[in-house]
Each structure stands twice: as C-alpha cells, then as structure tokens.
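# A closer look at the structure
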Amino acid sequence: MTERVLITDIARFSVNDGPGFRTNVFLKGCPLRCDWCHNPETFSAEPQIYWKRRLCVQCGSCLDACPKDAIRPPVAPELSSSTDSSYQKIDRSRCDRCMECVRVCRYDALQVAGKPMSVSEILDEVERDRPFYSNSGGGMTVSGGEPTAHPGFCLELLDGARDRAIHTCMDTNGHCDFSILGELTEYADIVLYDLKHVDPFKHYEKTGVRNERILDNLVKLSRIHSDIWIRIPVVPDFNDDLEFHRKAADFIASLGGSIRRVDLLPYHNWCQDKYDWLGIDWVYREVEALEPSILEVHAELYRDAGISVTIGGSGFEEAGTEQGLIKSARKT
Ligand code: SF4
Ligand code: SF4
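First, a word on what this report is: a plain description of the structure on this page. (Residues numbered from 1 in each chain as written. Chains lettered and ligands numbered in written order. Predicted model: local features only at pLDDT ≥ 70, side-chain atom pairs only at ≥ 80, totals over all residues. Heavy atoms only, no water.)

## Some details on the site of ligand 2
This is how it is decided: A cutoff of 4 Å decides nearness: a residue is near a molecule or strand if any of its heavy atoms lies inside that distance of it. Residues are grouped as follows: nonpolar covers Ala, Val, Leu, Ile, Met, Phe, Trp, Tyr, Cys and Pro; charged covers Asp, Glu, Lys and Arg; every other residue, Gly included, is treated as polar.
Contacts to ligand 2 come from 13 residues, most closely from Cys 66, Cys 95, Cys 98, Met 99 and Cys 101. Of the residues belonging to the shell around ligand 2, the class tally is nine nonpolar, no polar and four charged.

Following this line, the structure appears as structure tokens:
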C-alpha cells in the first residue's frame, strides 16, 4: 500500500471535468510549468505556504516563531494588504517549511498548501458525494498537478474507486513514459487528455517541455483506450489562432473513434490570488480572460471535422457532432 500523497483540494460538485457531478481530487506535483496555469499550488510536490495578505494583521507572531529568519518584519497593515503592494511576508529562499509560523498565526493568514492523505481517506471523502453521482452520471476525477507523477498512488486510487463502483476520470498532461500512462488509464473510465500546442517550440516556450512525447502518447493511447476527451486550454497569444485549431482538428480527427469530444477551455485569471499567496509574480497577471463566445469560430473547425466539441467542458452539455467520431463503439 502506497503512503500518503499531498492533496491540494478535493473539490465537490464540479461540472466541467467529466460527465455529471464530479468530485475532483487534485494531486500536488507536476513536471510542466505552464505560464497560464490556474493551479500554481500544484507545481511543486512539496508542501508550500500561502500568505494571505488581506487576512494578515501584522501582529508579528510568525516573526518570533521562525527559526530561520525567513519572516520579514511587520509593516503597517495598510502598506501590505493591498494587492498592489510588493510586500511579502516570507523570504522563501530561507524557509525550510517547518510550518512553525503557520502554527502560531491566529488569523489564518498563513496556511499550508498540500495535505497528506491516504487512498482510503480520499475515497471516504469522495464517497460522501455518491448520491449526486447516480442521477448525473458523475464520479471521481483525479487531477492535479499531474496524476502520472504519482503512478503507484494514482493506480490504487483509481482501482479503489472502481472497487466502490465509482465512475473514474483521469486528467493528464500526457508527459510521462507510456508504460505508466497505459497502465493507469486501464483504471480510468474516461481519460481527459490535455493538448496545448502541436508546435514543439511554442509548447516548450510556454510549458517548459517539448510536446513530441505528449503527442506520441496520445496516438498510442487512442489505440488502446476507447473514451478520451481532449482538453485544450485556449490561451491568448499562444494558441488562440485559427491556424493552430485547424491543425489540432486534423490531428484529432486522424486518431479515430476513441476521441469522444474536444473541450475548449477559455483562459481566465481567477487564480491571480493563488499566485499572490505563493509569492509568485504571475506573467499573465494583466492578461484579460477570454470571452467564451469568441471561441465559437474555433469550435466550428472541430465540428467541420466531425468532432464533438464544447466551450467550457460542461459535463452536462450535449456536445454537437455530425459524424462517427463519438459514435464508435468502445474498444475495451
Ligand atoms: S502571525 Fe499571521 S497575522 Fe500575524 S503577522 Fe504573521 S501572518 Fe500576519
Ligand atoms: S515555515 Fe518555518 S522556516 Fe518557513 S517561514 Fe515559517 S517558520 Fe520560518
């Protein structure tokens, strides 16, 4: 039995990460560094500290508790609490994550991102939502971070859910050995597979890795798994051009009936606070969210290729398609 893994959240009643109402389990740790990422707390597999400037009253208790001189001296709260302030409470280069400061903060201004949980603890949490699965076709979605970064744990989690007759989705960026991906996805009823760009250089520029292995793994997976949903985060000045989506539609159509649909996920910036809490200067801070209706023209390219498509990824939306891609029988 695998030990505990850090979980950043178990989000209930999600409607955009697979069919029906989903309970999303976010594992901590990811090999990619997508510049626009909406879950920066899942980059590192280590625990991290959130400092929430709006809750901090600058009482100084954390300064006294820190054995590493990693806490900056208090300033007047009005100088630190605004989102425009450059003041940061923690010098993260000195911090060894002993969490003494979190323990002494009485205002919840310091919190830990990443809670160690076992498979059975997670599944017990997921079970609480079972009544919402049956009528909606929902279940558990394992996400991150990147599930394949914790292969043994993830396998036990998916297998355990199956034992409890809970429908399973696994959301992956596909950047791993295919042996891992192939084994894990045997236990996933649906695979949510991220596609960010078809150009390896552009992919590298914005995610920190090239995409050859990701695309190759998708081709291989499409031959052995029968229910794959492609997820494309549409990001301004990266992959919001029609040329990319024409190429993506051609590529996806070439994979055949395993690809049940494409979800176009418009970039948003609701995660700005999380970057601030982690003390990360987010390069997309000033970039405005994409209006979903702008993507109608992009979606049309997929429909023209006979591919079912949604804007936003709703698990309740009837995705439109004309041809056989989503109508093929299951392979497994
Ligand atoms: S203990 Fe909490 S409220 Fe007090 S200064 Fe530190 S972070 Fe702010
Ligand atoms: S986690 Fe420990 S070392 Fe880091 S800032 Fe807090 S008290 Fe200091």
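Now, onward.
## Remarks on the sheet that holds strand 7 (residues 168-172)
Where we set the bar: Paired strands, in this sense, are two strands between which DSSP finds at least two bridges. Going along the chain from the N terminus, every DSSP run of H or I of four or more residues is numbered as a helix, and every run of E of two or more is numbered as a strand. Structural elements are reduced to axes, namely lines fitted to C-alpha atoms, with helices fitted over the stretch in contact, and the angle between N-to-C directions of any two is expressed from 0 to 180 degrees. It only takes one pair of heavy atoms within 4.5 Å for two residues to be counted as in contact.
What the nine strands build is an open sheet, ordered 5-1-2-6-7-8-9-10-11; its pairing is mixed. Of all strands in the sheet, those bounded by a partner on one side alone are strand 5 (115-117) and strand 11 (309-311). Between one strand axis and the next, the sheet turns through 30° on average, direction left out of account. In this sheet, strand 11 lies alongside strand 10 (residues 259-266) in parallel orientation, the contact comprising three bridges. Bridge assignment links Leu 264 to a residue of strand 11, and that residue is Ile 311. Strand contacts of helix 9 (residues 212-224): strand 8 (190-194), strand 9 (228-234) and strand 10, with the helix running at about 160° to strand 8, the strand carrying the most contacts.

## Quick word on the site of ligand 1
In the vicinity of ligand 1 lie 13 residues, with Cys 56, Cys 59, Gly 60, Cys 62 and Cys 105 positioned nearest. By residue class, the composition of the shell around ligand 1 is nine nonpolar, three polar and one charged.

## Quick word on the state of the cysteines
Put plainly, a disulfide is one covalent bond tying together the sulfur atoms of two cysteines. Note the following rule: In this description, the term disulfide denotes a pair of cysteine sulfurs within 2.5 Å.
Summed over all chains, the structure comprises zero disulfides. For Cys 37, which is in no disulfide, the shortest distance to another cysteine sulfur is to Cys 34 and amounts to 6.2 Å.

## Regarding the pattern of salt bridges
Worth spelling out the cut-off: A pairing counts as a salt bridge when a side-chain nitrogen of Lys or Arg comes within 4 Å of a carboxyl oxygen of Asp or Glu.
Applying the stated criterion across every chain, the model contains 23 salt bridges. Note that Lys 274 and Glu 41 form a salt bridge whose closest N and O atoms lie 3.0 Å from each other. Separated by 233 residues along the polypeptide, Lys 274 in helix 11 (residues 272-277) and Glu 41 in the loop between strand 2 (22-27) and strand 3 (48-51) bring together distant segments of the chain. The salt bridge partner of Glu 125 is Arg 128, with a shortest N-O separation of 3.2 Å.

## Focus on the nonpolar core
This is how it is decided: By nonpolar core is meant a set of buried Ala, Val, Leu, Ile, Met, Phe, Trp, Tyr and Cys residues that side-chain atoms within 4.5 Å join together. Burial classification: accessible surface area is computed with a 1.4 Å probe over protein chains only, and a residue below 20% of its type maximum counts as buried, one above 50% as exposed, and the rest as partly exposed.
Counting residues in each nonpolar core, the largest one holds 66 residues, and the members touching the most others are Met 140, Ile 230, Ile 232, Ile 252 and Tyr 302. Examining the composition of this core, we find that six residues originate from one element, helix 6 (residues 151-163), more than from any other. Setting aside residues up to four positions removed in sequence, Ile 252 forms contacts with Leu 195, Ile 230, Ile 232, Ile 259, Val 262, Tyr 302 and Ile 307. With 15 residues, the next largest nonpolar core counts Trp 51, Cys 62, Tyr 87 and Ala 109 among its residues.

## Focus: unusual backbone geometry
Across the junction of Gly 144 and Gly 145, the peptide omega takes the value 10°, indicating a cis bond. Relative to the assigned elements, Gly 145 resides in the loop between strand 6 (139-143) and helix 6. Located in the positive-phi region is Gln 58, a residue other than glycine, with phi close to 60°. Locating Gln 58 in the fold gives a position in the loop between strand 3 and helix 1 (61-65). When its relative accessible area of 9% is taken as the criterion, Gln 58 is described as buried. Even without a glycine there, the phi angle at Met 99 is positive, about 70°. Take Met 99: its relative accessible area is 16%, and that puts it in the buried class.

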